[in-house]
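Structure at a glance
What follows is the residue order along each chain.
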Amino acid sequence: MAYSASSIFCCPNLNPISLSNGVVSYSNRLFGTKNGFFLGSKLVSKDTRITTRPEPVSFSVSCPISAESRSFDVVIIGAGIIGLTIARQFLIGSDLSVAVVDKAVPCSGATGAGQGYIWMVHKTPGSDKWELEMRSYKLWQMLAESIRDQGLNPLEVLGWKKTGSLLVGRTTEELDMLKRRVKQLSEAGLQAECLYSSDLLLEEPELAVGEDGGAAFVPDDCQFDAQRTASFIEKANRHFASKGRYAEFYNDPVNCLLRSGSSWEVEGVQTSKNTLYSKAIVVAAGSWSGSLMHDLLRDSDILLDVPVKPRKGHLLVLENVMPLKLNHGLMEMGYVDHQTVNRLATISASEPHDCGQDLSVSMTATLDAMGNLVLGSSRQFVGFSSEVDESTINHIWTRAGEFFPKLRDLPLSHFSKGRKVRIGLRPYMFDGKPIIGSVPGLPNVFLATGHEGEGLTLALGTAEMVADMVLGNPGTIDHAPFAVHGRCC
């Protein structure tokens, strides 16, 4: 089905600026407010618009200024779901011009490798992330509804479907934990119920949890196809290119920051091919955000260690086969346990950033928009390796067989023709919370990273938060738990 990006994403008061080969060439626009304009975190009057630009200098003398230069209000480094949705938020919520820069292309990192759920069943009400999780959850639902209101099908556009989710336990101890979780979720305003073994069997006939098992059930949880969604948002963003407000620079890695020769404020970035001037820079490079910031600040007087680490994950996809019939998205209780255990082990270690290589595998099972069975998932710290580990795939298959007896009699080799493996590097933070905020000492440079396996879930809430910070708007939710200060050395 064809659909129009402009029919869904609209923005009033567009102020087009000139184009050069379809790319924004220059803008002196500052950040608009009622009484003035924001430049970074400093409010200046409308009468002090910049009309000339001082000659910039880079942090690194080995980073020459390109003859090809462009100017934008905001430059976003990273074209994953976080970067693309941040760009979208600026485009529909302001009249700023935006550039998205990436060393590769969209969906080439964790976004494209994810399972694509928007599930609240395994979240913890009252935690530091809860408000952000709930806000983003509601924003995704609103987006799906807006697509439906346009006469379009969210399943076709986003791969969106309301599956409901089940957090499954197999012991009396886990069932007690699930009961408490259902109570918490219900008190927090979500529809949730506890299903005991016999009731669970009616919902998922092929699932085996034993007489002592059960599940927490959230019927309104949804899932979507990450690649379709990223492609849809990217297409909607490109609508603003014709307005002179949007451009993409893919396969164009950022080499250094540009700083003013007079004030030493950051004025843009130098990529391998372009000089991009901007009023604000957002680093949303996922697992690479830490190493990127280290390289960008190497020759500066700013000391900043962004402790985001790559956490490798495998997903097994069985295409065009139906070994299982699933009615909901499923996740074992151990998925939550493994998150907690690994994080506590990391925090308590003498060297908290040396995460080790211990492999953990917990069962997740979904049917994607194409009807393919997606099984997961694994967690492992092996640096930036993205090689397929067959032993990990075998672990995932074996673990799935513990919950679905039908799979025990099927060797994985039986699916060799329709088998695919997705590998992603989740941006892991030792305290379990993303980093969202301005960099100390560089008030117009912002970080949005560290979402680990929740990048898709938290994307729209993160985008709203970043835009509010840059624009100086009052935030919808408290951003203090995600601040850079105190969490990055």
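Computed from a predicted structure; not experimentally measured.

**Examining the overall build of the chain**
Looking only at helices and strands, the chain features 13 helices and 25 strands. Looking at the chain as a whole, 56% of its 489 residues are labelled buried. Long-range pairs, those at least 24 residues apart, make up 76% of the contacts in the chain with a sequence separation of at least 6. Per element, the accessible surface of the chain, about 20100 Å² overall, is 51% carbon and sulfur.

**Topic: the sheet that holds strand S19 (residues 309-318)**
Taken together, the eight strands give an open sheet; going across it, the order is S12-S13-S11-S20-S21-S22-S19-S23, and neighbouring strands pair in mixed fashion. Every other strand in the sheet has two partners, leaving strand S12 (193-196) and strand S23 (419-428) as the edge strands with one partner each. Ignoring strand direction, the axes of neighbouring strands in this sheet form an average angle of 25°. Bridging between strand S21 (residues 360-367) and strand S22 (residues 373-379) involves six bridges; their strand directions are antiparallel.

**Overview of the environment of Leu257**
You can see Leu257 is positioned in strand S16 (residues 254-260). On the accessibility criterion, Leu257 (1% relative accessible area) is buried.

**A few points about the pattern of salt bridges**
Per the stated rule, a full pass over the model turns up 19 salt bridges. Here Asp220 makes a salt bridge to Lys162, at a shortest N to O gap of 3.4 Å. Within this pair, whereas Asp220 is found in the loop between strand S13 (214-218) and strand S14 (222-223), its partner Lys162 is found in strand S10 (residues 161-162), the two being separated by 58 residues in sequence. Given the relative accessible area of 57%, Lys162 is considered exposed. Notably, a salt bridge pairs Arg422 with Asp368, separated by 4.0 Å at the nearest N-O pair. Taken as a pair, Arg422 in strand S23 and Asp368 in the loop between S21 and S22 lie far apart in primary sequence, 54 residues in all. A single network of salt bridges, built from pairs that share partners, joins Arg170, Glu332, Arg399 and Glu402.

**Quick word on helix H11 (residues 390-403)**
Its 14 residues place the ends of H11 21 Å apart at the C-alpha level, agreeing with the 20 Å of an ideal helix rising 1.5 Å per residue. Taken residue by residue, H11 has Thr392, Ile393, Ile396, Trp397, Ala400, Gly401 and Phe403 as its buried positions.

**Quick look at the packing of helix H2 (residues 81-93) against helix H8 (residues 226-238)**
H8 packs onto H2 with a crossing angle of 35° between their chain directions and a minimal axis gap of 10 Å. Helix-helix and strand crossings are classified by hand; for H2 and H8 the assignment is left-handed. Where H2 abuts H8, its residues Ile81, Leu84, Thr85, Ala87, Arg88 and Leu91 lie against Thr229, Ala230, Ile233, Glu234 and Asn237. Classifying every residue of the contact of H2 with H8 by side-chain character gives six nonpolar, three polar and two charged.

**Structural notes on the pairing of S19**
Counting buried positions along S19 gives nine out of ten residues, so the element sits mostly inside the fold. Note: S19 against S23, ten bridges, orientation antiparallel. Counted as the bridge partner of Leu318 is Arg419 from S23.

**Regarding the side chain of Thr449**
Position of Thr449 among the secondary structure elements: in strand S25 (residues 442-449). Residue Thr449 is classed as buried on the basis of its relative accessible area of 1%. Within polar-contact distance, the side chain of Thr449 engages the side chain of Ser289 at 3.1 Å.

**Considering the sheet that holds S10**
Here three strands make up an open sheet; going across it, the order is S9-S14-S10 and the pairing antiparallel. Two strands lie at the open edges of the sheet, namely strand S9 (117-118) and S10, each paired on one side alone. Bridge count for S10 against S14 is two bridges, and the pairing is antiparallel. Among the inter-strand pairings, Lys161 is bridged to a residue of S14, identified as Gln223.

**Observations regarding the side chain of Thr275**
Tracing the backbone through its elements, the reader meets Thr275 in strand S18 (residues 275-283). Among the polar contacts listed, one links the side chain of Thr275 to the side chain of Gln270, at a separation of 2.6 Å.

**A word on the nonpolar core**
As a rule of thumb, nonpolar side chains are buried together in soluble globular proteins. Judged by nonpolar contacts, the single largest core of 74 residues is most densely connected at Ile86, Phe90, Trp140 and Tyr246. When residues of this core are assigned to their parent elements, the largest contribution, eleven residues, is made by helix H13 (residues 455-471).

**Looking at the confidence of the model for the chain**
Considering every residue of the chain, the mean pLDDT works out to 83; 81% of them sit at 70 or more. pLDDT under 50 marks residues 1-54. Its contacts with residues more than four places away, or in other chains, come to 137 contacts. Note that residues 340-356 has pLDDT below 50 and, in this model, 24 contacts with residues that lie over four places away or in other chains.

**Structural notes on helix H4 (residues 130-149)**
For H4, built from 20 residues, the straight-helix expectation of 28 Å at 1.5 Å per residue is met to within 8% by its first-to-last C-alpha distance of 28 Å. The positive-phi residue at the C-terminal boundary of H4 is Gly151, with phi of around 85°.

**Quick notes on the packing of H4 against H13**
H13 packs onto H4 with a crossing angle of 95° between their chain directions and a minimal axis gap of 7 Å. The orientation of H4 with respect to H13, classified from their angle, is roughly perpendicular. Counting all contacts with H4, which are made through Leu132, Glu133, Arg135, Ser136, Leu139, Trp140 and Leu143, the residues of H13 involved are Leu456, Thr457, Leu458, Ala459, Leu460, Gly461, Thr462, Glu464 and Met465.

**Focus: the pairing of S25**
Most of S25 is tucked away, with seven of its eight residues classed as buried. In terms of strand pairing, S18 meets S25 through three bridges, oriented parallel. Its bridge partner being in S25, Ile281 is matched across the sheet by Val445. Two strands pair when backbone bridges link them, and strand S24 (residues 435-439) and S25 are joined in this way by five bridges, in the antiparallel orientation. Looking at the pairing, Ile435 lines up with Thr449 of S25. Between S24 and S25, which pair antiparallel one after the other, the connecting turn spans two residues, and Gly441 there sits at a positive phi close to 90°.

Analysis parameters
- Residues numbered from 1 in each chain as written.
- Predicted model: local features only at pLDDT ≥ 70, side-chain atom pairs only at ≥ 80, totals over all residues.
- Heavy atoms only, no water.
- Helix = DSSP H or I, 4+ residues; strand = E, 2+ residues; numbered from the N terminus.
- Buried < 20%, exposed > 50% of the residue type's maximum accessible area, 1.4 Å probe, protein only.
- Contact = heavy atoms within 4.5 Å.
- Areas by Shrake-Rupley, 256 points an atom, 1.4 Å probe, with all protein chains shown as cover.
- Pairing = 2+ DSSP bridges.
- Axes fitted to C-alpha atoms, helices over the stretch in contact; angles between N-to-C directions.
- Salt bridge = Lys/Arg side-chain N within 4 Å of Asp/Glu carboxyl O.
- Expected span 1.5 Å × (residues − 1).
- Left-handed = near helix turned anticlockwise from the far one by under 90°.
- Nonpolar A, V, L, I, M, F, W, Y, C, P; charged D, E, K, R; others polar.
- Polar contact = N/O pair within 3.5 Å; in protein donor to acceptor, adjacent residues only side chain to side chain.
- Core = buried A, V, L, I, M, F, W, Y, C linked by side-chain atoms within 4.5 Å.
- pLDDT = per-residue confidence, 0-100.
- Parallel < 35°, antiparallel > 145°, perpendicular 65-115°, else oblique.

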